[in-house]
Number of protein chains: 2
Amino acid sequence: MATDVNRQIVLAARPDGNPKETDFTLREAALPEPRAGQILVRTIWLSLDPYMRLRIGNNEQYYPAVPLGDVVVGGAIGQVMESRHGGFAEGDYVEAYSGWQDYAVLGGGEARKVDPTLGPLSTALGVLGMPGLTAYLGLIDVGRPEPGDTVVVSAASGAVGAIVGQVAKIAGCRAVGIAGSETKNAYLTDELGFNAAINYKTGDIGAALDRACPDGINVYFENVGGAVSEAVYPRLAARARVVVCGGVSQYNLKSPQTTLSNLQNILFTEAQVGGFNIFSYAARYDDGRKRLAGWLAEGRLKYKEDVVEGLENAPGAFLRFFDGETFGKLLVRVAQ
Amino acid sequence: MATDVNRQIVLAARPDGNPKETDFTLREAALPEPRAGQILVRTIWLSLDPYMRLRIGNNEQYYPAVPLGDVVVGGAIGQVMESRHGGFAEGDYVEAYSGWQDYAVLGGGEARKVDPTLGPLSTALGVLGMPGLTAYLGLIDVGRPEPGDTVVVSAASGAVGAIVGQVAKIAGCRAVGIAGSETKNAYLTDELGFNAAINYKTGDIGAALDRACPDGINVYFENVGGAVSEAVYPRLAARARVVVCGGVSQYNLKSPQTTLSNLQNILFTEAQVGGFNIFSYAARYDDGRKRLAGWLAEGRLKYKEDVVEGLENAPGAFLRFFDGETFGKLLVRVAQ
């Protein structure tokens with residue numbers, strides 16, 4: 001039921017290093033009213049994703065930071081409560097970057113209608129949403145996998161990594177995942193069909209990569225950085241592709257990390273290393289979503305959700321990205 | 001005049017860290033005799049290039065190392081003394097990777113006829129040879145410059161860097177060079193038409209780049225690595241391209257250097273970083289050479305040579321790459 005209060009989680013302090021729950025504050029605002037051309041949307045699901053750390057920090061080469069006192073950005077699924085836009089009707093489900101709040105007023109260009117017949121509603125934030133498209137388009141457009149290639153993905157049990165490995169398998173590649181627990185790795189190999197999975201918290205990553213990738217690494221899908229990355233670059237095969245999609249190990253650092261130089265690895269292998277930002281690929285979303293939905297319907301893509309109840313618990317859940325304690329797509333249920 | 005002695009410089013010891021003159025030995029061998037299908041070539045010019053350091057080291061991701069006791073590899077121009085191959089006549093000039101020796105016997109596929117009307121013979125090892133093609137193809141095929149782009153090149157007064165900047169100008173870009181002396185920088189701006197030149201040995205490279213590249217760096221042509229690279233990556237513009245063509249600051253290191261991570265710079269800018277090895281671009285040589293020769297004839301490309309006399313002086317000259325003491329294309333005149 002709609003109320004006349006809009007709970008919002010706003011940025012109270014800019015994180016310096018690791019974010020803390022006190023960097024976020026819950027405030028109550030009045031229910032916003034849509035004007036002509038706008039819709040009022042009630043949030044059902046929030047998507048939590050590592051890139052959001054970058055939006056609340058100060059990174060001059062990235063997007064402008066969320067201002068202090070503003071609602072925290074993030075993707076969400078909601079339902080239209082009131083429409084003053086011809087393209088949307090009351091009851092429609094929409095996806096929008098409406099942020100951490102109960103309600104949002106949006107222009108028509110800010111919302112995308114979700115087809116609830118493609119899968120459970122929450123999949124529009126996961127396998128059929130930004131993480132799935134990131135995995136598919138990053139792998140296909142930047143990673144350019146060829147049948148027989150060995151594809152290595154870090155944060156492999158996460159919302160993006162799990163799809164990367166499964167799409168790699170569909171593309172005829174060998175998929176090798178790197179994740180942080182035996183439970184996650186068993187899931188990757190036994191449930192998702194990865195050829196091998198490596199626990200980066202135990203043992204020698206390099207030796208494990210040597211065993212899992214005897215012919216070298218043709219595609220590396222980078223979500224993590226740090227020690228994992230240092231182990232991968234010396235094992236790149238000739239003309240390897242690296243998709244730099246994320247670097248969650250780096251996001252809380254106060255200054256750039258010192259790491260082993262990858263210059264000679266890139267030079268010697270003629271690797272192609274490409275930064276990937278899903279928001280630059282809007283023209284490819286429809287194609288990507290159609291393919292992902294097809295594979296999902298055929299049972300060729302599986303996904304796992306990690307659901308947290310209640311808007312007020314979003315900040316605490318978000319912090320779990322930085323200690324490796326997420327497993328599957330992290331979602332906050334704001335309303336039923 | 002041909003003699004019956006073939007002086008050869010062979011690899012006596014594998015360099016561990018900085019190469020030394022004692023890593024090389026001059027030995028005298030018998031004049032080789034061509035068999036059917038072969039030619040005997042007398043070396044006139046040797047090309048010295050930084051990549052040769054990689055060939056005498058042990059780099060598992062690169063080419064196999066030159067074995068101890070073998071003639072040191074390297075490009076050369078020579079004249080055919082005797083031909084038992086239908087494609088070559090006595091007196092023809094040829095380019096080949098025949099190495100540091102007075103004479104070589106080559107199969108037809110190992111030699112390329114040089115057209116001496118395109119420019120002085122030595123240009124076939126410089127602006128019309130491997131360095132020129134490296135500059136042209138690396139910049140165009142991997143750097144993909146667009147008119148108005150700011151192109152930054154390190155080792156800018158070297159055989160490759162000087163051509164990179166001049167081709168960038170021809171392509172309608174701003175060219176910014178990084179080199180190691182005021183004399184070199186004056187040459188870049190006053191003689192070659194670079195828009196700005198930065199001395200990496202004095203002052204703050206980052207601040208100088210900020211002044212020279214107020215809109216960021218669209219293309220970085222990497223020849224050096226190390227501190228220069230660390231200053232460039234945070235200044236890349238959106239969708240920048242980095243041509244990883246060399247890393248002369250790294251070649252003598254016993255283990256990979258630690259450096260500031262470039263992961264977030266690549267991620268935030270969606271940069272495309274590509275390793276470039278000229279030997280993979282053979283199909284593009286004719287096109288590249290034709291364009292370079294045209295610009296040379298039109299006076300739009302200038303070049304500078306740094307000539308050392310005598311085969312026996314090749315090792316000492318080669319060591320100059322690693323203290324920044326070369327200026328222009330480094331050549332050894334072996335015979336007149």
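Here the structure is a predicted model, which means the values were calculated and not measured.

**Digging into helix α2 (residues 130-143) of chain B**
In an α-helix, one turn spans 3.6 residues; hence positions three or four apart end up facing the same way.
Here's step 1: Most of α2(B) is tucked away: 12 of the 14 residues are buried.
Here's step 2: Note on α2(B): the residue one or two positions beyond its end, B:Arg144, has a positive phi of about 40°.

**Points about the packing of α2(B) against helix α3 (residues 161-170) of chain B**
Residues and elements named next belong to chain B.
Here's step 1: Close contact between α2 and α3 brings their axes to 8 Å; oriented N to C, the two are set at 45°. Considering the angle they form, α2 stands oblique to α3. As α2 packs across α3, the resulting crossing turns out to be right-handed. Along the contact surface, α2 presents Pro 131, Gly 132, Ala 135, Tyr 136 and Leu 139, while α3 presents Ile 163, Val 164, Val 167 and Ala 168.
Here's step 2: A breakdown of the residues in the contact of α2 with α3 according to their chemical character gives 8 nonpolar, 1 polar and no charged.

**Quick notes on the interface of chain A and chain B**
Here's step 1: Facing 31 residues of chain A, the contacting portion of chain B comprises 31 residues.
Here's step 2: Top element by residues in the side of chain A that touches chain B is helix α7 (residues 263-269) of chain A. It accounts for 7 residues.
Here's step 3: Class assignment of the residues belonging to the side of chain A that touches chain B gives a composition of 11 nonpolar, 19 polar and 1 charged.
Here's step 4: Pairing analysis gives 3 bridges linking strand β13 (residues 258-260) of chain A to strand β13 (residues 258-260) of chain B, with the strands arranged antiparallel. When the sheet's bridge partners are listed, A:Leu260 is paired in β13(B) with B:Thr258.

**Focus: the relation of the copies chain A and chain B**
Here's step 1: When chain A is fitted to chain B, the best match, at an RMSD of 0.0 Å, comes from turning it 180° and sliding it 0.0 Å along the axis. What the superposition gives is, in effect, a two-fold axis relating one chain to the other.
Here's step 2: An overlap of 100% is found between the interface residues of chain A and their copies at the interface of chain B, pointing to a shared contact surface.

**Some thoughts on the sheet that holds strand β8 (residues 150-154) of chain A**
Here's step 1: A sheet is described by the order of its strands in space; here 12 strands give the open sequence β10(A)-β9(A)-β8(A)-β11(A)-β12(A)-β14(A)-β14(B)-β12(B)-β11(B)-β8(B)-β9(B)-β10(B), paired in mixed fashion. In this open sheet, the two strands that pair with only one neighbour each are β10 (196-199) of chain A together with β10 (196-199) of chain B. Direction aside, neighbouring strands of the sheet carry axes that sit 15° apart on average.
Here's step 2: Sheet analysis places strand β11 (residues 217-222) of chain A next to strand β12 (residues 236-244) of chain A, joined by 5 bridges and oriented parallel. Counterpart to A:Tyr220 in the pairing with β12(A) is A:Val242.

**A short note on the confidence of the model for chain A**
Here's step 1: The predicted model of chain A has a mean per-residue pLDDT of 95, with 99% of residues at 70 or higher.
Here's step 2: Confidence metrics for the complex model read pTM 0.93 and ipTM 0.92.

**Let's talk about the environment of B:Glu312**
Residues and elements named next belong to chain B.
Here's step 1: Inspection of the secondary structure puts Glu 312 in the loop between β15 (305-309) and α9 (314-318).
Here's step 2: Taking the number of C-beta atoms within 10 Å as the measure of exposure, Glu 312 has 15 and is therefore partly exposed.
Here's step 3: Linking Glu 312 and Val 334, residues 22 residues apart in sequence, is a C-alpha distance of 8.7 Å.

**Overview of unusual backbone geometry**
Residue and element names in this part refer to chain A.
Here's step 1: In this structure, Arg 239 takes a positive phi of about 60° despite not being glycine.
Here's step 2: Mapped onto the elements of the fold, Arg 239 is located in strand β12.
Here's step 3: Arg 239 sits in the partly exposed class, given 15 other C-beta atoms within 10 Å.
Here's step 4: For Glu 270, which is not glycine, the phi torsion reads 55° and is therefore positive.

**Examining the nonpolar core**
For soluble globular proteins, nonpolar side chains are generally found buried alongside one another.
Here's step 1: Within the largest apolar cluster, 204 residues are counted, with the highest numbers of intra-cluster contacts made by A:Val41 and B:Val41.
Here's step 2: Here B:Val41 is in contact with B:Gly78, B:Gln79, B:Val80, B:Met81, B:Val94, B:Ala96, B:Ser98, B:Tyr103, B:Ala104, B:Leu106 and B:Ala111, once residues within four sequence places are set aside.

**Things to note about the packing of α2(B) against helix α8 (residues 285-297) of chain B**
All names here are of chain B.
Here's step 1: Across the interface, α2 lies against α8 with an axial gap of 10 Å and an inter-helix angle of 100°. Judged on the interaxial angle alone, α8 and α2 are roughly perpendicular. Contacts between α2 and α8 involve Gly 132, Leu 133, Tyr 136 and Leu 137 from the first element and Tyr 285, Gly 288, Arg 289, Arg 291 and Leu 292 from the second.

**A closer look at the environment of A:Tyr136**
Residues and elements named next belong to chain A.
Here's step 1: Mapped onto the secondary structure, Tyr 136 falls in helix α2 (residues 130-143).
Here's step 2: Residue classification places Tyr 136 among the buried residues on the basis of 28 C-beta atoms within 10 Å.
Here's step 3: Between the C-alpha atom of Tyr 136 and that of Pro 19, which follows or precedes it by 117 residues, the distance is 29 Å.
Here's step 4: What Tyr 136 contacts, discounting residues up to four positions off in sequence, is Ile 163, Val 167, Gly 288, Arg 291 and Leu 292.

The rules behind these values
- Residues numbered from 1 in each chain as written.
- Chains lettered and ligands numbered in written order.
- Predicted model: local features only at pLDDT ≥ 70, side-chain atom pairs only at ≥ 80, totals over all residues.
- Buried ≥ 20, exposed ≤ 12 C-beta atoms within 10 Å, placed from the backbone.
- Helix = DSSP H or I, 4+ residues; strand = E, 2+ residues; numbered from the N terminus.
- Axes fitted to C-alpha atoms, helices over the stretch in contact; angles between N-to-C directions.
- Parallel < 35°, antiparallel > 145°, perpendicular 65-115°, else oblique.
- Left-handed = near helix turned anticlockwise from the far one by under 90°.
- Contact = placed C-beta atoms within 7 Å.
- Nonpolar A, V, L, I, M, F, W, Y, C, P; charged D, E, K, R; others polar.
- Pairing = 2+ DSSP bridges.
- Least-squares fit on C-alpha atoms with pLDDT ≥ 70 in both.
- pLDDT = per-residue confidence, 0-100.
- Core = buried A, V, L, I, M, F, W, Y, C linked by C-beta atoms within 7 Å.

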